[in-house]
Each structure stands twice: as structure tokens, then as C-alpha cells.
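Here's the letter readout for the chains.
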Amino acid sequence: MSLSQDRTERLALIERLLPGDQGASQHGLTIKEIQRKLENINKDVIRHHRTLQRDLQWLIKQGRVRPLENSREQPAYQRIEETSDIDDSIWDYFVGHLKKDLEGIVSSGELSKLLDRLKLRDQGIALDESKICILPDSLRLQPAKINYQVFTKVLRAMKESRALQVKYIDRQEKSSTPTLHPQGIMQRGPRIYLFALKNDEQEERLYAIDRIRTAELLPITARQKQDFDFNRHIAEGRADFANGELITLKAIVRGYVENLVYDCPLHESQKLEPLSDGDPGSLLTVTMPSSGQLLRWILASGDNITVNEPLELRGIIINQLNHAAEKYRSKPVGANTYDAPLI
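Residues numbered from 1 in each chain as written. Predicted model: local features only at pLDDT ≥ 70, side-chain atom pairs only at ≥ 80, totals over all residues. Heavy atoms only, no water.

Q: Describe the packing of aromatic side chains, listing the residues and the values that go with them.
A: A full pass over the atoms with the stated rule returns one aromatic pair. Look at Y168 and Y207: their rings are 5.1 Å apart centre to centre, the planes differ by 90°, and that puts the pair in the edge-to-face class. Here the residue Y168 occupies a position in strand β3 (residues 162-169), and Y207 occupies one in strand β7 (residues 205-208), the gap between them amounting to 39 residues. On the accessibility criterion, Y168 (10% relative accessible area) is buried. Exposure remark for Y207: the relative accessible area of 6% places this residue in the buried category. (Phe/Tyr/Trp six-rings, centres within 6.5 Å; stacked < 30°, edge-to-face > 60°. Helix = DSSP H or I, 4+ residues; strand = E, 2+ residues; numbered from the N terminus. Buried < 20%, exposed > 50% of the residue type's maximum accessible area, 1.4 Å probe, protein only.)

Q: Give a description of unusual backbone geometry that names residues and reports values.
A: Excluding glycine, residues mostly have negative phi values, and the peptide bonds linking residues are mostly trans. Here the residue pair E309 and P310 is connected by a cis peptide bond, since its omega of 0° sits within 30 degrees of zero. By the secondary structure assignment, P310 is in the loop between β12 (305-309) and α10 (311-330). Its identity as a non-glycine residue notwithstanding, S161 has a phi of 55°, on the positive side. With respect to the element layout, S161 can be found in the loop between α6 (148-160) and β3. By relative accessible area, which is 9% here, S161 ends up buried. Even without being a glycine, N199 presents a positive backbone phi close to 50°. Checked against the element boundaries, N199 lands in the loop between β6 (191-198) and β7.

Q: Talk me through helix α3 (residues 49-61); I want residue IDs and the actual numbers.
A: Taking 1.5 Å per residue as the helical rise, α3 with its 13 residues ought to reach 18 Å, and the 19 Å between its terminal C-alpha atoms agrees with that figure. Within α3 the residues assigned to the buried category are T51, L52, D55, L56 and L59. Burial along α3 is one-sided: seen end-on, the buried residues are contained in an arc of 130°. Facing away from the buried side of α3, by more than 90 degrees, are the exposed residues R50, R54 and K61. A positive phi of about 75° marks G63, the residue just after α3. (Expected span 1.5 Å × (residues − 1). Arc of directions from axis to C-beta.)

Q: Can you break down the sheet that holds strand β9 (residues 246-253) residue by residue, with the values?
A: In space, the four strands of this open sheet follow the order β10-β11-β9-β12, with antiparallel pairing throughout. Across the chains shown, the open sheet's two edge strands, defined by having one partner strand only, are β10 (271-274) and β12. Geometrically, the sheet is characterised by an average inter-axis angle of 25° between neighbouring strands, direction not taken into account. Sheet analysis places β9 next to β12, joined by four bridges and oriented antiparallel. Pairing of V253 across the sheet is with I305, part of β12. Each of β9 and β12 touches α10; the most contacted strand, β12, lies at about 140° to it. (Pairing = 2+ DSSP bridges. Axes fitted to C-alpha atoms, helices over the stretch in contact; angles between N-to-C directions. Contact = heavy atoms within 4.5 Å.)

Q: So, the pattern of salt bridges: which residues are in play, and what are the values?
A: Taken as a whole and assessed by the stated rule, the structure comprises nine salt bridges. One salt bridge in this structure joins E201 and R205, with 2.8 Å as the shortest N-O distance. On the accessibility criterion, E201 (28% relative accessible area) is partly exposed. The salt bridge involving K225 is made with E204; its shortest N-O contact spans 2.9 Å. With K225 in the loop between β8 (212-221) and α7 (230-235) and E204 in the loop between β6 and β7, this pair connects stretches of sequence that are 21 residues apart. Given the relative accessible area of 6%, E204 is considered buried. (Salt bridge = Lys/Arg side-chain N within 4 Å of Asp/Glu carboxyl O.)

Q: For the nonpolar core, give the residues involved together with the corresponding values.
A: Taken as a class, soluble globular proteins show a tendency for nonpolar side chains to be buried jointly. In terms of nonpolar packing, the biggest core is built from 22 residues, with V166, L194 and I209 touching the most fellow members. Elements represented by at least two residues in this core include exactly α6, β3, β5 (179-188), β6, β7 and β8. Looking at this core element by element, the count peaks at five residues for β6. Grouped together as the second largest cluster of nonpolar side chains are 16 residues, L249, V286, M288 and L294 included. (Core = buried A, V, L, I, M, F, W, Y, C linked by side-chain atoms within 4.5 Å.)

Q: Provide a residue-level description of the packing of helix α2 (residues 31-41) against α3, including the pertinent values.
A: Packing of α2 against α3 leaves a shortest axis separation of 10 Å and a crossing angle of 105°. Compared by their axis directions, α2 and α3 come out roughly perpendicular. Seen from α2, the contacting residues are I31, I34, Q35 and L38; seen from α3, they are H49, L52, Q53 and L56. Of the residues contributing to the contact of α2 with α3, the split by class is five nonpolar, three polar and no charged. (Parallel < 35°, antiparallel > 145°, perpendicular 65-115°, else oblique. Nonpolar A, V, L, I, M, F, W, Y, C, P; charged D, E, K, R; others polar.)

Here is the structure:
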């Protein structure tokens with residue numbers, strides 16, 4: 001029986017979502033968890049419980065998925081991976097191409113991935129850069145320089161579930177040689193990070209791959225954190241070196257920022273209310289993780305946003321603006337320096 005195009009794409013998507021069975025972790029996904037992930041990716045994907053049950057049974061018969069033994073009350077499923085060993089000739093070919101790709105890596109999102117497909121004449125509709133342009137909503141930084149040999153060792157460790165001995169240089173230029181147990185790789189903006197367990201620690205850390213100077217594969221299986229999940233880290237704000245603390249932000253937004261958050265909400269919890277005194281602007285109320293990304297966005301918005309709560313965040317912003325003003329006033333340039341009062 002032939003499969004419809006929609007079902008073929010859905011089966012491939014389900015298969016990609018499932019954790020592989022080659023790692024040390026015995027984590028799988030239940031049908032409810034698959035439903036939630038499909039919801040996050042594409043609201044139009046068919047994700048009814050019965051439909052997903054039939055899809056999983058078909059994938060099991062095809063030898064592409066397996067149910068986990070002794071799983072929770074709800075059955076959990078894993079993707080059946082091929083052997084983790086990689087043929088050296090194939091790996092060398094991959095490394096050669098990776099070296100070239102890393103030289104021009106830039107941040108990308110789902111939209112840019114889709115548009116890349118549209119440019120392919122055999123798969124898309126041949127729309128090139130003369131018809132489509134993507135600009136980031138922030139200053140585009142040059143990508144951090146990555147040692148491709150280090151990166152390939154990290155990728156191989158991920159593929160073969162092996163630990164790594166690395167030489168790492170932190171922001172203070174201090175050198176250390178931890179044993180890392182890779183959990184996942186994340187690109188955020190112009191940098192690529194490795195989530196990994198360090199030595200015998202139980203909580204994963206973020207390591208900038210461009211700060212790894214050397215990496216050696218160890219003949220030991222990497223420890224796996226069973227509840228490691230990219231979506232949870234992002235939702236908690238930990239992908240931006242934050243502790244995941246939820247805050248309720250209350251701020252007055254004006255001008256382009258007011259228009260921006262009206263059309264593009266910061267979070268599903270956002271509320272935007274006109275000011276009661278008739279002044280221009282709106283009161284923004286939103287509950288979301290505290291993060292460096294949020295702080296940078298507020299500072300970049302200038303006088304188009306005034307934070308009222310939380311008081312701790314308001315104090316941080318006041319200090320940042322005061323310090324910036326002091327730096328500008330301490331070394332005046334020319335006779336027309338703007339003599340603004342400090343906050």
C-alpha cells in the first residue's frame with residue numbers, strides 16, 4: 001500500500017523526534033510527548049492519538065522504531081539507529097566538507113531552512129536571493145572561529161556516545177582539562193555550544209566549542225542525563241546562561257517597541273493594555289524566564305521601554321545605564337558633547 005505525501009512526511013517527522021537507541025540513555029517518548037512536540041513544530045500536522053498509534057505500529061513493522069521494555073505506564077518509543085561505528089573513509093569525507101561549511105556558518109532558523117529548500121530546483125520552486133531576503137532582528141556578528149578538528153571529535157563523541165578529554169579556555173583565559181560527557185549541541189547566534197556533564201557532576205553545563213582548544217575521544221561510554229531536553233532548557237532560559245527563574249515583567253512600552261510586541265508577542269502570557277492616564281504607550285505584562293537575552297533586548301530598546309517590575313531587574317538596568325553614561329561623560333569628544341544628567 002502506497003503512503004500519502006502527508007503521512008510520509010509525518011512518519012519522517014515522528015522518526016526524527018524520537019531519541020535514538022544507541023546512546024546510554026534509555027529515554028523514549030510516549031504518544032502524548034510526541035503530540036506535544038508535533039504541536040510545537042507544526043500545528044497543521046495530524047497528531048490524533050489513534051493516528052499516531054497507527055503511525056508508530058507501521059514504523060515498528062518497518063524496523064525503524066521500537067517500543068521500550070519496562071517503560072512507564074504509557075508505552076515509550078525509540079528510533080532504531082544503525083551501528084554507531086563510522087567507516088573511516090566516510091568520516092574523512094564528512095570532515096573535509098565540514099571544514100568548508102564551518103568557515104561560513106551563520107545563525108539560522110526554521111524559516112531560513114525552508115527558504116533554502118525553496119531555492120532547489122528539484123525540490124522547491126527556484127526562488128533565489130534576488131526574490132527572497134532574510135535579515136536578522138539584531139546586529140549580525142561574525143561567527144566565532146572553530147577548530148574543525150575539535151568539532152569533528154565532538155560530533156563523533158556524540159555519535160558514538162563516548163566521553164571526551166578537552167583543553168578548555170574560559171573567558172578569563174584560564175585553562176582546564178575536564179572530561180566531558182556530551183549531551184547535545186546547540187547553535188545560538190554566531191556561536192556553537194556543547195551541553196555536557198563535566199567529570200562526575202550531575203548537572204550539565206554549556207561549553208563554547210570555539211573555546212575548546214584540543215579534544216580527544218576516550219574509550220569510555222559517555223554518561224547520559226535521562227531528562228536532558230533542548231526545549232526545556234530554552235523554555236527555562238538556561239540556553240542563555242540563566243538559571244531558569246521565571247519573572248513577571250511589567251513595563252511601559254512606546255513607539256516601535258509597542259508596535260513590535262503588539263504584532264510579535266514576547267510570550268503567550270503577554271498582556272498589553274493602553275495607559276489609563278491617556279499618555280502614549282501601553283503597559284506590558286508578561287511572565288517569562290529571566291535571561292541575558294531579555295536584558296540585552298530591553299537595553300537595546302532605549303527610551304522606548306521603561307521597566308517597572310521586577311525591582312531587581314529595574315535596578316540592574318538603572319546601574320547599566322548609569323555606568324554607560326559615566327563612561328561617555330568621563331571622556332568627552334569635541335565641544336558638542338551632550339551633557340545629559342545621570343539617571
